[in-house]
Amino acid sequence: MQTFVLVVHIILAILMIVLILVQHGKGADAGASFGGGGAATVFGASGSGNFLSRLTAVFTALFFITSLTLAVFAKKQTTDAYSLSSVQTTQTAPAQSTETSPTAPKSGE
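Residues numbered from 1 in each chain as written. Predicted model: local features only at pLDDT ≥ 70, side-chain atom pairs only at ≥ 80, totals over all residues. Heavy atoms only, no water.

(A) Spotlight on the environment of T56. Note on placement: T56 falls in helix 3 (residues 47-81). Taking the relative accessible area as the measure of exposure, T56 reaches 14% and is therefore buried. Apart from residues lying up to four places away in sequence, T56 is in contact with L19, I20 and Q23. (Helix = DSSP H or I, 4+ residues; strand = E, 2+ residues; numbered from the N terminus. Buried < 20%, exposed > 50% of the residue type's maximum accessible area, 1.4 Å probe, protein only. Contact = heavy atoms within 4.5 Å.)

Here it is as structure tokens:
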């Protein structure tokens, strides 16, 4: 699931970059009035701004959602890695030694 969200995130990032670079700025209309060819667009004179702006907003919202989802996945992975439940405990019996030192008194003496 994390891989799928990451792929969608990267695709959205690339689409946002392309979409933002395709849009013209506020000052582009002044240049078009002096004979520039930028006024003849596929979407019409005013439709370009509205369509591209809304599409950019949709891509931005989806990018934000995928960013939050990836952050939740990363937090869960970090929490699982550092939790005490991941530590494996082994039961060891206490060491019992039957040997005594040669200078120690015998228990029966």
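Next comes the rest of the account.
(B) Summary view of helix 1 (residues 2-22). Between the first and last C-alpha of helix 1 there are 30 Å, a value that for 21 residues agrees with the 30 Å anticipated at 1.5 Å per step. All buried positions along helix 1 are accounted for by V5, H9, L12, M16 and L19. Down the axis of helix 1, the buried side of the element spans an arc of 100 degrees, and every buried residue falls inside it. Exposed residues pointing more than 90 degrees away from the buried face of helix 1 are listed as T3, I17, L21 and V22. (Expected span 1.5 Å × (residues − 1). Arc of directions from axis to C-beta.)

Everything listed is a geometric property; what it means functionally is a separate question.
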